[in-house]
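# An overview of the molecular structure
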Amino acid sequence: TQLLEQSPQFLSIQEGENLTVYCNSSSVFSSLQWYRQEPGEGPVLLVTVVTGGEVKKLKRLTFQFGDARKDSSLHITAAQTGDTGLYLCAGTISNFGNEKLTFGTGTRLTIIP
Amino acid sequence: KAGVTQTPRYLIKTRGQQVTLSCSPISGHRSVSWYQQTPGQGLQFLFEYFSETQRNKGNFPGRFSGRQFSNSRSEMNVSTLELGDSALYLCASSRWDGANYGYTFGSGTRLTVV
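Let us look at the structure shown here. Quantities reported herein were computed from a predicted structural model and do not represent experimental measurements. (Residues numbered from 1 in each chain as written. Chains lettered and ligands numbered in written order. Predicted model: local features only at pLDDT ≥ 70, side-chain atom pairs only at ≥ 80, totals over all residues. Heavy atoms only, no water.)

Residue and element names in this part refer to chain B. Overall, antiparallel pairing links the four strands, which are arranged 1-3-8-7 in an open sheet. The sheet is open, and its two borders are formed by strand 1 (5-7) and strand 7 (64-68), each paired with just one other strand. Each strand axis lies, on average, 15 degrees off the axis of its neighbour in the sheet, ignoring direction. Bridge analysis of strand 7 against strand 8 (residues 74-78) gives five bridges, and the strand direction is antiparallel. Counted as the bridge partner of Ser65 is Asn77 from strand 8. (Pairing = 2+ DSSP bridges. Helix = DSSP H or I, 4+ residues; strand = E, 2+ residues; numbered from the N terminus. Axes fitted to C-alpha atoms, helices over the stretch in contact; angles between N-to-C directions.)

See below:
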């Protein structure tokens with residue numbers, strides 16, 4: 001059973017369009033991170049959210065942590081070809097100093113010029 | 001500053017052999033975690049080391065082991081390789097609490113078992 005489900009699994013849109021990627025779980029997370037990974041490279045951290053309802057913006061990217069800290073979304077405005085990549089959410093369940101990061105299934109985004 | 005360095009980048013091994021992968025974290029980072037990435041299973045946590053001690057472990061068989069040295073550099077070892085061990089192995093480092101604040105990943109070692 002996958003702890004973190006991402007949707008959609010694949011997304012292909014035209015440059016300039018908007019999109020939203022979702023990350024859902026039945027578990028409560030103490031924090032949630034979003035990464036982007038390009039072919040042949042490791043994931044790169046985009047943002048960390050820790051408070052339920054928190055919204056963070058990174059240029060054209062908007063990240064939201066659900067009020068109950070069980071889900072998150074990533075919204076991209078006016079997508080560019082440079083946004084192409086594998087987007088991964090990753091959550092931590094608090095375990096009194098024994099935390100580990102669990103990754104979602106990933107969303108492969110392709111922006112068509 | 002230098003990022004997380006993983007060596008080698010590519011490796012081809014035969015079934016039954018063993019392999020050692022190396023990771024040098026960002027200077028000052030004391031936590032090093034290892035992940036296995038495959039198309040079917042995604043990113044799976046292997047283990048985490050902090051100050052030379054294994055702090056956390058994923059659900060992998062005992063053939064997968066690791067260690068961390070006093071300079072925070074880490075190695076992972078896979079013995080008796082199986083075809084299913086073919087994957088991208090990623091190392092990630094953080095100052096002390098990457099699970100809550102984020103990790104910096106290396107570019108990975110692509111292991112192919114034939």
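On we go from here.
A few words on the packing of aromatic side chains. Residue and element names in this part refer to chain B. Evaluation of the coordinates by the stated rule reveals 10 aromatic pairs over all chains. A centroid spacing of 5.8 Å and a plane angle of 50 degrees characterise the contact between Tyr35 and Phe105, whose relative ring orientation is tilted. Of the two residues, Tyr35 is situated in strand 4 (residues 31-38) and Phe105 in strand 10 (residues 104-105); the sequence distance between them amounts to 70 residues. Pair check on accessibility: Tyr35 and Phe105 agree, each one buried. An angle of 70 degrees between the planes, with centres 6.5 Å apart, marks the rings of Tyr103 and Phe105 as edge-to-face. (Phe/Tyr/Trp six-rings, centres within 6.5 Å; stacked < 30°, edge-to-face > 60°. Buried < 20%, exposed > 50% of the residue type's maximum accessible area, 1.4 Å probe, protein only.)

Moving on: the interface of chain A and chain B. Each side of the interface is counted separately: chain A has 21 residues, and chain B has 21 residues. For the pair chain A and chain B, the two sides together bury roughly 1,600 Å², of which 44% comes from carbon and sulfur. The tally of links from chain A across to chain B stands at zero salt bridges. Our count for the chain A to chain B interface comes out at six residue pairs in polar contact (both at pLDDT 80 or more). For the side of chain A that touches chain B, the elements supplying multiple residues, two or more each, are strand 4 (31-37), strand 5 (44-49), strand 9 (85-92) and strand 10 (101-103) of chain A. Top element by residues in the side of chain A that touches chain B is strand 4 of chain A. It accounts for four residues. Broken down by class, the residue content of the side of chain A that touches chain B amounts to eight nonpolar, 10 polar and three charged. (Contact = heavy atoms within 4.5 Å. Buried area = accessible area lost by both parts, 1.4 Å probe. Salt bridge = Lys/Arg side-chain N within 4 Å of Asp/Glu carboxyl O. Polar contact = N/O pair within 3.5 Å; in protein donor to acceptor, adjacent residues only side chain to side chain. Nonpolar A, V, L, I, M, F, W, Y, C, P; charged D, E, K, R; others polar.)

Moving on, we come to the state of the cysteines. Considering all chains together, one arrives at two disulfides over all chains under this definition. Paired by a disulfide, Cys23(A) and Cys89(A) hold their sulfur atoms 2.1 Å apart. Its torsion about the S-S bond being 75 degrees, the disulfide of Cys23(A) and Cys89(A) is classed as right-handed. Pair noted here: Cys23(A) is in strand 3 (residues 19-24) and Cys89(A) is in strand 9, with a separation of 66 residues, a long-range link. No difference in accessibility class separates Cys23(A) from Cys89(A), as the two residues are buried. The disulfide partner of Cys23(B) is Cys91(B), and the S-S distance across this bridge is 1.7 Å. Its S-S torsion of about -55 degrees marks the bond between Cys23(B) and Cys91(B) as left-handed, since a negative value means left-handed. With Cys23(B) in strand 3 (residues 19-24) and Cys91(B) in strand 9 (residues 87-94), the pair connects residues that are 68 residues apart, well separated along the chain. Assigned by exposure class, Cys23(B) and Cys91(B) land together as buried. (Disulfide = S-S within 2.5 Å.)

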